[in-house]
Structures are given as C-alpha cells and as structure tokens.
Amino acid sequence: MSINHKSNITTSAVRAGINNDQHHGAVVAPIHLSSTYSLKGFNEKRQFDYSRTGNPTRAIFADVIADLEQGSVGIVTSTGMAAVHLLCQLLSVDDTVIIPHDCYGGSFRLFTHLAKRGQFKLIVVDQNDQQALDKALAHIPKLVLLESPSNPLLRIVDIEEVTKACHRVGALVAVDNTFLSPALQQPLTLGADIVFHSTTKYINGHSDVVGGVLVTKTAELGATLAWWANCIGITGSAFDSFLALRGLKTLPVRMKQHQENALQVANFLKNHDAIDAIYFPGLPEHKGHDIAKKQQFGYGAMLSFEVKGGVEAVKKLFDNLELFTLAQSLGGVESLISHPSTMTHAGMEIADQLEAGITQSLVRISVGIEDIKDILADLAHGLAQSQQ
Ligand code: PLP
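Quantities reported herein were computed from a predicted structural model and do not represent experimental measurements. (Residues numbered from 1 in each chain as written. Predicted model: local features only at pLDDT ≥ 70, side-chain atom pairs only at ≥ 80, totals over all residues. Heavy atoms only, no water.)

A. Expanded view of the site of the ligand. The full set of residues close to the ligand is Thr79, Gly80, Met81, Tyr104, Asn151, Asp176, Thr178, Ser198, Thr200, Lys201, Gly211 and Leu330. Within the backbone of glycine 80, an N or O atom sits 3.0 Å from an oxygen atom of the ligand. At 2.6 Å from an oxygen atom of the ligand is found a side-chain nitrogen or oxygen belonging to lysine 201. Contact with the protein chains removes 90% of the 390 Å² of surface that the ligand exposes when unbound. Split into classes, the residues belonging to the shell around the ligand amount to 3 nonpolar, 7 polar and 2 charged. (Near = heavy atom within 4 Å. Polar contact = N/O pair within 3.5 Å; in protein donor to acceptor, adjacent residues only side chain to side chain. Areas by Shrake-Rupley, 256 points an atom, 1.4 Å probe, with all protein chains shown as cover. Nonpolar A, V, L, I, M, F, W, Y, C, P; charged D, E, K, R; others polar.)

B. Fine view of the state of the cysteines. Overall, the coordinates contain 0 disulfides when judged by the stated rule. Considering cysteine sulfurs only, cysteine 103 is the nearest to cysteine 88, which forms no disulfide, with 11 Å between them. Residue classification places cysteine 88 among the buried positions, given a relative accessible area of 7%. This cysteine, cysteine 231, is not joined by any disulfide, and cysteine 88 carries the nearest cysteine sulfur, 15 Å off. (Disulfide = S-S within 2.5 Å. Buried < 20%, exposed > 50% of the residue type's maximum accessible area, 1.4 Å probe, protein only.)

C. Layout of the domain arrangement of the protein. We note that the domain assignment places domain 1 (7-248) and domain 2 (252-386) within the protein. At the interface, 41 residues of domain 1 touch 41 residues of domain 2. Buried surface at the junction of domain 1 and domain 2, both sides included, amounts to about 3,200 Å², of which 63% is carbon and sulfur. For domain 1, the biggest contributors to the area lost against domain 2 are Ile156, Leu184 and Tyr202; these three give 23% of the whole. The interface formed by domain 1 and domain 2 holds 1 salt bridge in total. Here aspartate 158 makes a salt bridge to lysine 294, at a shortest N to O gap of 2.7 Å. Counting every contact that joins domain 1 to domain 2 gives 16 residue pairs in polar contact (both at pLDDT 80 or more). Elements represented by at least two residues in the side of domain 1 that touches domain 2 include exactly helix 1 (9-14), helix 4 (105-116), helix 6 (159-168) and helix 8 (238-248). (Domains from an automatic or database assignment. Contact = heavy atoms within 4.5 Å. Buried area = accessible area lost by both parts, 1.4 Å probe. Salt bridge = Lys/Arg side-chain N within 4 Å of Asp/Glu carboxyl O. Helix = DSSP H or I, 4+ residues; strand = E, 2+ residues; numbered from the N terminus.)

D. Broad picture of the sheet that holds strand 11 (residues 336-338). The 5 strands lie next to each other as 8-9-12-11-10, forming an open sheet whose pairing is mixed. The sheet is open, and its two borders are formed by strand 8 (275-279) and strand 10 (325-326), each paired with just one other strand. Pairing of strand 9 (residues 302-307) with strand 12 (residues 362-366), which is carried by 5 bridges, proceeds in the antiparallel orientation. What sits directly across from phenylalanine 305, in strand 12, is valine 363. (Pairing = 2+ DSSP bridges.)

Given below as structure tokens:
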C-alpha cells in the first residue's frame, strides 16, 4: 500500500504554517507566547484576546491537522487525555457511552472512574463481537468511542460499519487515531464524527511534546467542543503547538520509514522460536488484516507479541536489549519497548487487563526509524537471551 494515497498529504504537511506571517514573511510560523492581546479600542476585539481561548500559533496547528484529517474544526489540547476528557463534556448524567474493552489504559481509567462517580452510564464492550455490540447499542448511547488499531493488541474495528450502526441509533462516533495518524487513516472520511490523537506520538514524532488534538466533521460540533475546551481550560500551549507543527512537517516521510521497518520486524518475529503470538495488522494472518487493508493507507509501526516463558523471559529480553529503550509512549523516531501490564495499562485492574487479552508475557514495541539491520540484530540478541 502506498502512503501517497492523497497526492497532497506529504505536500500539505511540509507546507504546514508557511506564509502565515503577514508582517515579516517568516517562512516558519512564529511562536506567539503572549498570554494576552490588546483590544483595538473599547469593546473592539482583534482575532485573539487571551491565549487560553485562542492563540495564533495554536490556531495554525489546529487548522493544519483539521485539513489533514479532512475535518472542519481542530481543537488543540494540552495532552491526549485532555482531548479524551473533552469528549466527556458532551455527556450528561443520563447519557450512555460505549468504549472498547481494550482501549488505551488511560482512556479506560478515565471513563470507568467518571462513570463510577455517576457522571454518565458506561458500557465496555468488545466491538468485534457483533452480538455484544448490538446489545450495547440497544441502550441508545450518546457517544461511542473507537480505537483502531487498539493499544496494545492492534485489534482492528471496521470503522465504517460500526459507525453506520452507531448512527442508526443516533450516537456520535469518536475515533482514537493515535496509532496511525492522518497519514495512514482518516476516520472522518469513513463516517466518524470526531477523530482525536495524542499528538505526543506520531504527529509530533520526536518524544519531546505531550499534547492532544480533536477534529470534528461539522463546524457545529467543533464550536461546542472549542467552547468547552476554553471553559475548562485544557487548550494546548503555543510552544508545544510550534514543536508539534514542526514535527508534523515530516509525518508522511517518517511514517513511510516507520512502517517499512515494522513490516520487517513483524516478519522476523513471526517465525521466531521465542515468540508465542504476534499482533501486527500488516501480516495476512492477523484477524483484522482485511479490514485494515480496506480502511488504512498503511499498517503503521506498532506491534505486540507474547514472549515464551512468561514475565521472567520478558525481563531477560529487556535486560539484554541495547538499541530499544524500555519506556512507555510510542511514535517517536526512536525504537521503544514496553510491558503494557505494568506500564501503559497499569491503570486497568488485572482482571480487566486479562479480559482485554493483556497478559504478563505481552510486550509492545514502537518500531523506530533506525537502520533496520541494527533493530533486527538487537531483537535477535535479546530474544535469544530471553530463553536462557
Ligand atoms: N490514546 C492513545 C491510543 C494513547 O496511546 C495515549 C497515550 O499513550 C493517549 C490516548 C493519551 O495521550 P497523552 O499521553 O498524550 O495524554
């Protein structure tokens, strides 16, 4: 599959924010750090008045992401979780929300804890189980959250089909697109109402920003969410917007290298004696391969696998890696490895982890853009040691 699905995505990303400085013609969009803006006169506001509400640098970043996702309004938040939390502002106490049973641990923690406090009604469901999904939709939810590919098991949901079913009962659909970025998947074009990201990951791509963004299909929904983002004070900073905008310029080029490397890693791991199972949608034997092929423009660079020998073997693997860094997060140019149960998904009870398929032997990797020979050599060494 080619990443250049939309002939202008590489160009749009590179050209992001250029020609925005009317005063000096700065080629790179300037960072506007001012927290406040003068009025022209009594009750005569300019475009911006206060940086929580609106900021020129953040506005450029928001518009560029909205364009890449083919949506109408972009809202930049201080973290990815702030973007998820912003969605909760659409819900009242009597509303029902559906989330996938295997979503990012932080999203799972937020929704389950707010539901426990009575802020809304929550249904957690395996969205690939048609019967369970139909049963959940019979509760007429206000909002349905999708995450495809899911973190950490790379499960794929048919976004178009599930969205149609949700729309039939009047629910809004919000898709977490963090694992792929708009370069590899555009949920709004598949019918979703909202797409969101932790920009901490591929969009910024250099592991030096924590941020988030939401893009809405309609201007009306965008205005509602932008109002709430200002009201609860979760908008992103100008400096982070500047950095993320800089990272975004190389997004399509980075994704190309990321996924080339990931495919080679997956092919190396799938026949390895130290591996019990591998989860990567790019492999034809992956359960969601055909749907991924249909709705994505590439398979991304996240994969997970079960190491033979349980958690002891996992520890030996980690101790013997030199190139891979043991760290949470993903989507940076450097290769990272993590243990979801004790790291990214530690916010989930062990019973919920097991229900979602997250075992103690599960390892997740974010394949970086280092030379593939070095990546494979490191994994080969670590895996051999894991079985000693
Ligand atoms: N969604 C997914 C899929 C994630 O992996 C993460 C973080 O790992 C988030 C949302 C939350 O983003 P942040 O850590 O930027 O708050």
